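These are the residues of each chain, in order.
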Amino acid sequence: MSDRLQILTTSAEKLGLALSAEQYQTLLRYLDLILKWNKVYNLTALRDPAEALTHHLIDSLSAVPPLQRHLATLGQGARLLDVGSGGGLPGVVFAICCPELSVSCVDTVGKKAAFVQQVALELKLRNLRGVHARVESLTEPYEVVSSRAFASLLDFTTWSQAALAEQGVWLAMKGKHPDAELAALPATVEVFHVEPLSVPGLDAERCIVWMKRK
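What this report covers is the structure whose coordinates are included nearby. Here the structure is a predicted model, which is why all the values come from computation and not from measurement. (Residues numbered from 1 in each chain as written. Predicted model: local features only at pLDDT ≥ 70, side-chain atom pairs only at ≥ 80, totals over all residues. Heavy atoms only, no water.)

## Side note on helix 2 (residues 21-41)
Phase 1: The first and last C-alpha atoms of helix 2 sit 29 Å apart over 21 residues, in line with the 30 Å expected at 1.5 Å per residue.
Phase 2: At Leu 35, helix 2 shows its largest bend, some 25°.
Phase 3: Residues of helix 2 that are buried include every one of Gln 23, Tyr 24, Thr 26, Leu 27, Leu 28, Tyr 30, Leu 31, Leu 33, Ile 34, Leu 35, Asn 38 and Tyr 41, and no others.
Phase 4: Tucked into the core, helix 2 has its buried residues touching helix 1 (3-14), helix 3 (49-61), helix 5 (91-97) and helix 6 (110-122).
Phase 5: Within two residues after helix 2, Asn 42 carries a phi angle of roughly 50°, on the positive side. (Helix = DSSP H or I, 4+ residues; strand = E, 2+ residues; numbered from the N terminus. Expected span 1.5 Å × (residues − 1). Bend = angle between axes of the 7 residues up to and from the residue. Buried < 20%, exposed > 50% of the residue type's maximum accessible area, 1.4 Å probe, protein only. Contact = heavy atoms within 4.5 Å.)

## Details of helix 4 (residues 64-71)
Phase 1: Of all eight residues in helix 4, six are buried; the element is thus mostly enclosed.
Phase 2: Within helix 4, burial applies to Val 64, Pro 65, Pro 66, Leu 67, His 70 and Leu 71.

## A short note on the packing of aromatic side chains
Phase 1: Going through the model one piece at a time under the given rule, you end up with three aromatic pairs.
Phase 2: Plain terms: the ring middles of Phe 150 and Phe 156 are 6.4 Å apart, the flat faces sit at 80° to each other, and that makes the pair edge-to-face.
Phase 3: A residue is classified by how much of its surface remains accessible, and Phe 150, at 28% relative accessible area, is partly exposed.
Phase 4: Ring geometry for Phe 150 against Trp 159: centres 5.9 Å apart, planes inclined by 70°, an arrangement best described as edge-to-face.
Phase 5: Take Trp 159: its relative accessible area is 32%, and that puts it in the partly exposed class.
Phase 6: Grouped by ring-pair contacts, the aromatic residues Phe 150, Phe 156 and Trp 159 constitute a single cluster.
Phase 7: Between the NZ or CZ atom of Arg 79 and the centre of the ring of Tyr 142, over which it lies, the distance is 4.4 Å.
Phase 8: Between the NZ or CZ atom of Lys 212 and the centre of the ring of Phe 192, over which it lies, the distance is 5.3 Å. (Phe/Tyr/Trp six-rings, centres within 6.5 Å; stacked < 30°, edge-to-face > 60°. Lys NZ or Arg CZ within 6 Å of the ring centre and 35° of its normal.)

## Points about the state of the cysteines
Phase 1: Inspection of the entire model under this criterion finds zero disulfides.
Phase 2: Note on Cys 97: no disulfide assigned, nearest cysteine sulfur contributed by Cys 98 at a separation of 6.0 Å.
Phase 3: Under the relative-accessibility criterion, Cys 97 is labelled buried at 5%.
Phase 4: Of all cysteine sulfurs, the one in Cys 98 lies closest to Cys 207, which takes part in no disulfide; the gap is 20 Å. (Disulfide = S-S within 2.5 Å.)

## Points about the pattern of salt bridges
Phase 1: Per the stated rule, a full pass over the model turns up eight salt bridges.
Phase 2: Residue Arg 206 is joined to Asp 59 by a salt bridge in which the shortest nitrogen-to-oxygen separation is 2.8 Å. Of this pair, Arg 206 sits in strand 7 (residues 206-213) while Asp 59 sits in helix 3, and the two are 147 residues apart along the sequence.
Phase 3: Here Arg 206 falls in the partly exposed class, since its relative accessible area comes to 22%.
Phase 4: Linking Glu 136 and Arg 134 is a salt bridge whose minimum nitrogen-to-oxygen distance equals 3.6 Å.
Phase 5: By relative accessible area, Glu 136 is classed as partly exposed at 35%.
Phase 6: Here the salt bridges do not stand alone but share partners, grouping Asp 59, Arg 148 and Arg 206 into one network. (Salt bridge = Lys/Arg side-chain N within 4 Å of Asp/Glu carboxyl O.)

## Details of unusual backbone geometry
Phase 1: A cis amide bond links Leu 89 with the next residue in sequence, Pro 90, at an omega value of 5°.
Phase 2: Position of Pro 90 relative to the elements: it lies in the loop between strand 1 (79-83) and helix 5.
Phase 3: Although it is not a glycine, Ala 149 sits at a positive phi angle of roughly 50°.

## A word on the side chain of Asp 59
Phase 1: Owing to a relative accessible area of 3%, Asp 59 belongs among the buried residues under this scheme.
Phase 2: Within the structure, the side chain of Asp 59 is placed 3.0 Å from the side chain of Arg 148, a separation counted as a polar contact.
Phase 3: At 2.8 Å, the side chain of Asp 59 forms a polar contact with the side chain of Arg 206.
Phase 4: With residues near it in sequence (within four places) discarded, Asp 59 still touches Thr 54, Arg 148, Met 173, Val 199, Leu 202 and Arg 206. (Polar contact = N/O pair within 3.5 Å; in protein donor to acceptor, adjacent residues only side chain to side chain.)

## What about the packing of helix 1 against helix 2?
Phase 1: Where helix 1 contacts helix 2, the two axes come as close as 11 Å, and the packing angle between them is 120°. Classed by the angle they form, the pair helix 1 and helix 2 counts as oblique. Relative to helix 2, the crossing made by helix 1 is right-handed. Packed against helix 1, whose contacting residues are Arg 4, Leu 5, Leu 8, Thr 9 and Ala 12, the element helix 2 presents Tyr 24, Gln 25, Leu 27, Leu 28, Leu 31 and Asp 32 at the interface.
Phase 2: The residue makeup of the contact of helix 1 with helix 2, split by class, is seven nonpolar, two polar and two charged. (Axes fitted to C-alpha atoms, helices over the stretch in contact; angles between N-to-C directions. Parallel < 35°, antiparallel > 145°, perpendicular 65-115°, else oblique. Left-handed = near helix turned anticlockwise from the far one by under 90°. Nonpolar A, V, L, I, M, F, W, Y, C, P; charged D, E, K, R; others polar.)

In structure tokens:
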């Protein structure tokens, strides 16, 4: 087993994730595509493969168990919109780990949306698509609207509110507990859970802010 696969497998097990051998390989192939296309598309500031594994792939993986618990309450055919997805983090990771979930990754940068489309094609992810658009222009309903290090909670919820299904939830991945951002949210947004995350191999605070319409 390669070092990368060993680190990825151990990390997933620590997170309580049950993934198949094929899913592990697909995750690593996705990371390879990011590193390969990064030179052309400027997908991430991280150039070091080991750092990208921890700071991008495993960091995104840490949100999968909470997402899976939420999806279990929704039944089949749930749709997720990943906002400001860039190179597809965490949207592509969600698509790989939750094959029953339909994932759309939206970004205003055409090259980044095209990269996600290329990933879907190369990795044969039928449940994934890249969307080149401003999130404010999207109105079809999604049960989950996610973001990772994208914008303030206020901007994220304001810009994406038209895309949130009636009973949908926002899933915002954040670093430290964002007290100031939480205080700035309007009365129309209800924060129903701030869930601490522990990322294997990363000594940093992480959390998910779960929100819904009030």
